[in-house]
Amino acid sequence: MMFTNTLLALASVLTIAAAGPLHVFRNKTELPAKTIFQFNQTDTWIENLAVRPNGDLLLTLLSPSASLWTLKKPYSPHPEASLVHTFPNATGLNGIAEVSPDVFVLLSAQYTGVGEPVAGSFAVWEVSFRDSSSSSFSPSIRKVTDFPEAQLANGIAAVAPSREHHDAAVVLVGDSFAGSLWRVDARTGARAALLQQAPSMSAPSGGALPIGINGLKVRGGYAYWSNSALVTIYRVAIDARGYLLAAAKGTAAVETVATLDSSPFVDDFAFDARGLLWAATNSDSKVDVVRADGSVETVVGDADEDTVAGDSAVAFGRTALDRGVLYVTTSGALPNNQREPAKVVAVNRAGFH
């Protein structure tokens, strides 16, 4: 998600935490990639994306406005982009997550500059396409709650409803500045802090980069997050309702999943069907894949390339036509402090093993 443009681009080496010595082999596999959409303004920044059940992409803009865009049929020769909605009392959007089929929750705020939110301006919104026709394309939009406690509400992840709580709509939200994890009921707006000022979610005191917890995912009974300043991915066990398990309420219960030893940043990430972790490195301008044995491969881009320069988020296609495609969004940042309009890149991972 967010990053500081002045960071030096360094080579990444991703390692998986293990009980014993681990030999890491750094490889590079250049997967086919192409830009499928690009804005025509250089001040655009795509912060995050989600994939609808029909395959269309939803793109949140951090700049120049708090706008949600869609990219229809991204797998087609000519995807069609259009504005869905611009949110009031905000200048930028952050994370987005699907809480139930075709119902999404996202975060908005006012900013005075990149990474400079206005205190007390955060809000949580619901965008529902469930009852909209394909012809009218008019989703219902509802403010779930204001979120004045948030300093920088950034990543968001949905907790899948359980059998016992099948009608629940719960998201977890990470606060990058406060180093905290929140649980938000997307139906009522009720919220509670699960972890606060956690070392694994915070940026080091006095460091140049104040962004801690960033990307956030829920998978297999765990909440996973990236800490951008520590360049590390962590996880903690949660129950079916999105609360920390009783044994996981201490900071010692937080597990280290992966660390990019020499990279300046780790941003959003996604898991594929095999459990491989695909991470956007943003200022390093590449996507890395980490395997269970600790080996890592750069599959597209590099610090001095513009293929996915400034990559801010990643997500996999959901239709039969693009399940082998990783969609990558960018902030518009290029190497050497240059800029281009933000874009969406399709990476063909079908042949990756």
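The structure we're discussing is the one just above.
Figured I'd write up the structure that's included with this text.

### Considerations on the sheet that holds strand S15 (residues 170-175)
Phase 1 of the analysis: Strand order across the open sheet formed by four strands is S14-S15-S16-S17, with antiparallel pairing between neighbours. Each edge of the sheet is formed by a strand with only one pairing partner; in this case those strands are strand S14 (153-159) and strand S17 (191-195). Adjacent strand axes in the sheet meet at a mean angle of 25° when their direction is disregarded.
Phase 2 of the analysis: The pairing of S14 with S15 spans five bridges and is antiparallel. Paired with Ala158 across the two strands is Val171, which belongs to S15.

### Quick notes on the nonpolar core
Side chains that are nonpolar tend, in soluble globular proteins, to be buried together.
Phase 1 of the analysis: The biggest cluster of nonpolar side chains holds 23 residues, and the ones touching the most others in it are Val105, Phe122, Phe147, Ala153, Ile156, Val171 and Val173.
Phase 2 of the analysis: Mapped onto this core, the elements with two or more residues apiece are strand S8 (92-100), strand S9 (103-109), S14, S15 and strand S16 (180-185).
Phase 3 of the analysis: By residue number, the principal contributor to this core is S9, which donates four residues.
Phase 4 of the analysis: Setting aside chain neighbours within four positions, we find Phe122 in contact with Asn94, Ser108, Ala109, Tyr111, Pro117, Asp146, Phe147, Pro148, Ala150, Gln151, Leu152 and Ala153.
Phase 5 of the analysis: Core analysis: the next-biggest nonpolar cluster, separate from the first, contains 18 residues, Val170, Ile213, Ile238 and Leu244 among them.

### Quick look at the pattern of salt bridges
Phase 1 of the analysis: Applying the stated criterion to the full structure yields 13 salt bridges.
Phase 2 of the analysis: A salt bridge links Asp56 to Arg52, with the nearest nitrogen and oxygen atoms 3.9 Å apart.
Phase 3 of the analysis: Residue classification places Asp56 among the buried residues on the basis of a relative accessible area of 8%.
Phase 4 of the analysis: Residue class for Arg52 comes out buried when judged on its relative accessible area of 6%.
Phase 5 of the analysis: Close ionic contact of Glu126 with Arg142 constitutes a salt bridge, the shortest N to O distance being 3.3 Å. With Glu126 in strand S12 (residues 123-128) and Arg142 in strand S13 (residues 140-146), this pair connects stretches of sequence that are 16 residues apart.
Phase 6 of the analysis: Judged by relative accessible area, Glu126 falls into the buried class, the value being 13%.
Phase 7 of the analysis: Among the residues examined, Arg142 registers a relative accessible area of 32% and is labelled partly exposed.

Procedures and definitions
- Residues numbered from 1 in each chain as written.
- Predicted model: local features only at pLDDT ≥ 70, side-chain atom pairs only at ≥ 80, totals over all residues.
- Heavy atoms only, no water.
- Pairing = 2+ DSSP bridges.
- Helix = DSSP H or I, 4+ residues; strand = E, 2+ residues; numbered from the N terminus.
- Axes fitted to C-alpha atoms, helices over the stretch in contact; angles between N-to-C directions.
- Core = buried A, V, L, I, M, F, W, Y, C linked by side-chain atoms within 4.5 Å.
- Buried < 20%, exposed > 50% of the residue type's maximum accessible area, 1.4 Å probe, protein only.
- Contact = heavy atoms within 4.5 Å.
- Salt bridge = Lys/Arg side-chain N within 4 Å of Asp/Glu carboxyl O.

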